[in-house]
Each structure stands twice: as structure tokens, then as C-alpha cells.
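These are the residues of each chain, in order.
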Amino acid sequence: MTANKLIGMGIALITPFKHDGSVDYEALGKLIEYQIANHADYLVMLGTTAETPTLTASERNEIARFIIAKNNKRLPLVMGIGGNDTRTVIEQIKSTDLSHVDAILSVVPYYNKPSQEGIYQHYRAIAQATNMPIILYNVPGRTGVNMKAETVLRLAHEFPNIVAIKEASGNFAQIDEIIKNKPTHFMVISGDDGITFPLITLGAVGVISVVGNAFPREFSRMVRLAIRGDLAGAREIHYRFAELMELLFVDGNPAGVKSLLSMLGFIDNELRLPLVPTTLQTTERIREVLEQIKAIEK
């Protein structure tokens, strides 16, 4: 895997559902074509934004097959394979056909709250079980435990197939320490749309984006401008979308982005329990901000 495949804007793809709760493959196909036509740099399938915990094993396999076929090698693909049982994660990696996948995104083990040594040993076992490039995923707001910079750097220096981290801790001091002390091959990717612009100025290489599901052209342009050093141009787009990016997470992810995509006509606003759609108040505010953005875009 060449490093430039993870530079820019990756899309944390949602899973569209029909009103009967089944996967809406037609809508998913249209969304993939929309991403490709509007300058997404790579696609991330079966991550948290895809509501993966609510998908059956057969649904996950079928969604992966569908995305791989629809993409048809046009964009690099990242697959989410993670969990809080190391052995199960390794078994899933070994039993999955990864021949069309460019990297694995694997989240810090959640709920059982391992120590930093436990997190290190978890990723060590995964890295030794596969030759696939691995992207660490630190999102303490969901997992209940933060992977500290010293643990990230230990893994990055010891295992060459651990190639990046998706950082969603929001801890700038921690992320800055990683960027400052990482090996050359290792990349830091923003896991939070709202802080992507400042993180790129520190040395991050891009974002795995939620809002990009709806606005890939605009958000990928912001990322490219920031990477090129056009901070004024990037800052203008960042502020234009700042309120929307915040609103998308008020009632949880992917409820916000699914509400937005429904307004744009891409999907039905359907989620699987225990997730539910955004509140009426949040929905109306998203609609108002969307209209403001459309007016500016014109």
C-alpha cells in the first residue's frame, strides 16, 4: 500500500436502510457514485458510521461485496474490522477476503476498558496476524478508554504494517505529540470533521469524514487546500460548514448525517435500534443550516 492512498478525505460510508429495515443497496450504490464523482479520495466501509454493530455477519459480508464491486477499483478501500475480543478480531481478519481492500481500520477495544498495555498487546497481536496495513482508531468518547500518545508511538515504531491512526480524541496536545514523534511512514488522520482543518495545520494528512457523505466536493476541497498550505481558502470552507458539522453529532452519529442525506434525497431517514432519528428540533436546525449553505454555494 502506498502512503498517498490515505492522504486527503476518506468517507465513513453510512448504511442506508429501507422502511422495512433491510439494507437499501440501490441508495448505497448511488451514494458511492456520488462520492467518486465528487472527489472523495478513498472509501471506508463497515465503520462505526455504517451502524456495523447492528448488521448481521451475512449483511456485513454482502455490503462489503457490494461496495467492492460498485467501486470497481476506482478508489482505495478501507474496511472496519475491530472489537473488544482480540481473538475474534484476528479470526475475522483471517476469514475475510481482503484482496480488494487497501487497509484495515481497527478501533480501540470498547466497554471492557483495557489498560494501555492491554491496548498495546491487542494491536500487537493483530499486527502479527496479518500483513495488511492497519489504521488504529482512537475514539474514547465511544470506547470509554483513550489510547495515549506513548502507546500509539510504541506501536507505530515497532510494527511497520501499523501505518496510521484515525484520531478522534479531540486532545490537541496528545495528537501533536504523536505527529511530532511518529516514524516517517506513520500518518495521523483526523477522526473528527470539526477539527480537521487545525489538525492538518499541525501535520495530519486528512480526515475520515462523516459530513463528506453529503458534501464530498466541498469538504475534499477544504482538505486539499489545507494540505497545500492555502489556509485562507481552507479556513473559509471550514467556517462555512462548522455549525453543520456540530449539528450532525448533537443526537449521535450517524443520526445527524442520515437526516441530512434524507433532506438531500439520497436515502430514507431510517436507522436500526438502539439508534433513532434526530429530534424535531435538531432536524429543523439542520434544515435551516443546509438552506444557508445552499444559498452561499449558489
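Higher on the page you've got the structure.
Overview of the structure. (Residues numbered from 1 in each chain as written. Predicted model: local features only at pLDDT ≥ 70, side-chain atom pairs only at ≥ 80, totals over all residues. Heavy atoms only, no water.)

1. Concerning the side chain of His-238
Stated formally: Where helices and strands are cited, they refer to DSSP runs of H or I of at least four residues and of E of at least two residues respectively, numbered from the N terminus. Between buried and exposed lies partly exposed: a residue is buried under 20% and exposed over 50% of the maximum accessible area for its type, with that area taken using a 1.4 Å probe on protein chains only. The contact criterion used throughout is that any non-hydrogen atoms of two residues lie within 4.5 Å.
With respect to the helices and strands, His-238 occurs in helix H10 (residues 231–247). Accessibility expressed as a relative area gives 10% for His-238, which makes it buried. Once residues lying within four places of it in the same chain are set aside, the contact partners of His-238 are Gly-194, Phe-197, Met-222 and Met-245.

2. Observations concerning the packing of aromatic side chains
Each aromatic ring pair is characterised by the separation of its centres together with the angle its planes make. Let me state the cut-off plainly: Stacked, tilted and edge-to-face are the three classes applied to pairs of Phe, Tyr and Trp rings, where Trp contributes its six-membered ring and a pair requires centres within 6.5 Å; stacked means planes under 30 degrees apart, edge-to-face means over 60, and tilted covers the rest.
Scanning the model with the defined rule gives four aromatic pairs in all. With a centroid separation of 5.2 Å and 55° between ring planes, the pair formed by Tyr-25 and Phe-66 is classed as tilted. One end of the pair, Tyr-25, is in helix H1 (residues 25–37); the other, Phe-66, is in helix H2 (residues 57–71), with 41 residues separating them in the sequence. Overall, Tyr-25 belongs to the partly exposed group, its relative accessible area being 23%. On the basis of relative accessible area, Phe-66 is assigned to the partly exposed category, the value being 22%. Note on Tyr-120 and Phe-159: the rings are 6.4 Å apart at their centroids and 45° apart in plane angle, and the pair reads as tilted. Highlighted residues: Tyr-120 in helix H4 (residues 116–129) and Phe-159 in the loop between helix H6 (149–158) and strand E6 (162–167), separated in sequence by 39 residues.

3. Digging into the pairing of strand E3 (residues 77–80)
Just so we agree on the cut-off: We treat two strands as partners when DSSP finds at least two bridges between them. Crossover handedness is defined by viewing with both strands directed away from the observer: a clockwise path from the first strand over the helix to the second marks the crossover as right-handed.
Burial along E3 is two-sided: the face carrying Leu-77 and Met-79 and the face carrying Val-78 and Gly-80 are both buried. Bridge count between strand E2 (residues 42–45) and E3: three bridges; the pairing is parallel. Each bridged residue has a counterpart across the sheet, and for Leu-43 the counterpart in E3 is Leu-77. Following the backbone out of E2, through H2 and into the adjacent parallel E3, one traces a crossover that is right-handed. With three bridges connecting them, E3 and strand E4 (residues 103–107) associate as parallel partners.

4. Re helix H12 (residues 280–297)
To be explicit about the condition: By this rule the span expected of a helix is its residue count minus one, scaled by 1.5 Å. Directions from the helix axis toward the C-beta atoms define the arc.
For H12, spanning 18 residues, the distance from its first C-alpha to its last is 26 Å, which sits close to the expected 26 Å at 1.5 Å a residue. Buried within H12 are the following residues: Thr-282, Thr-283, Ile-286, Val-289, Leu-290 and Ile-293. Buried residues of H12, seen end-on, are gathered within an arc of 130° and therefore sit on one face of the element. Projecting away from the buried face of H12 at angles above 90 degrees are the exposed residues Leu-280, Gln-281 and Ala-295. Taken together, the buried residues of H12 touch H10 and helix H11 (255–263).

5. What about the pairing of E2?
Across the two faces of E2 the burial is the same, with Tyr-42 and Val-44 and Leu-43 and Met-45 all buried. Pairing geometry for strand E1 (residues 8–12) and E2, over three bridges, is parallel. Across the sheet, Gly-10 pairs through a bridge with Tyr-42, a residue of E2. Running through H1, the crossover from E1 to the neighbouring parallel element E2 is right-handed.

6. A word on the layout of surface pockets
How we decide: Of the two site types, the cavity is a set of points on a 1 Å grid over the protein atoms alone where a 1.4 Å probe fits but cannot get out, and the pocket is an open set with protein on both sides within 12 Å along at least five of seven lines, each lined by residues with an atom within 4 Å of a point. Grid points are joined across faces, edges and corners, and a volume is the space filled by probe spheres set on the points.
Estimated volume of the largest pocket: approximately 620 Å³. Around the largest pocket sit 24 residues that line it, and Pro-53, Gly-82, Gly-83, Val-107 and Tyr-110 are the ones nearest its centre. In terms of residues, the lining of the largest pocket owes the most to one element, helix H3 (residues 86–95), which gives three residues.

7. Considerations on H6
When H6 is considered as a whole, its buried residues turn out to be Ala-149, Thr-151, Val-152, Leu-153, Leu-155 and Ala-156. Among the structural elements, H4, strand E5 (134–138), E6 and helix H7 (172–181) are those in contact with the buried residues of H6.

8. Remarks on the nonpolar core
Applicable threshold: Residues grouped as a nonpolar core are buried Ala, Val, Leu, Ile, Met, Phe, Trp, Tyr and Cys residues, joined through side-chain atoms within 4.5 Å.
Among the nonpolar cores identified, the biggest contains 83 residues, and Met-45, Tyr-123, Leu-136, Met-147, Ile-162, Phe-215 and Leu-244 are the most heavily contacted of them. Apart from residues no more than four positions distant in its own chain, Leu-244 is found in contact with Val-211, Phe-215, Leu-260, Ile-286, Val-289 and Ile-293. Counting 18 residues, the second largest nonpolar core, distinct from the first, contains Val-78, Leu-105, Val-139 and Val-163.

9. Some words on the packing of H3 against H4
We count it as follows: Angles here are taken between N-to-C directions and fall from 0 to 180 degrees, while the axes themselves are lines fitted to C-alpha atoms, restricted in helices to the stretch in contact. Angular relationships are summarised with four words: roughly parallel below 35 degrees, roughly antiparallel beyond 145, roughly perpendicular across 65 to 115, and oblique for the angles in between. In this scheme the handedness of a crossing depends on how the near helix is turned from the far one: anticlockwise by less than a right angle means left-handed, clockwise means right-handed. As a working rule, the residues Ala, Val, Leu, Ile, Met, Phe, Trp, Tyr, Cys and Pro are called nonpolar, Asp, Glu, Lys and Arg charged, and the rest polar, with Gly in that last group.
Direction vectors running N to C along H3 and H4 enclose 20°, while the axes themselves pass 10 Å from each other. When the interaxial angle is binned, H3 and H4 end up roughly parallel. Our pair here, H3 against H4, has a crossing hand that is right-handed. Contacts between H3 and H4 involve Thr-86, Val-89, Ile-90, Ile-93 and Lys-94 from the first element and His-122, Ala-125, Ile-126 and Ala-129 from the second. The residue inventory of the contact of H3 with H4, partitioned by class, reads six nonpolar, two polar and one charged.

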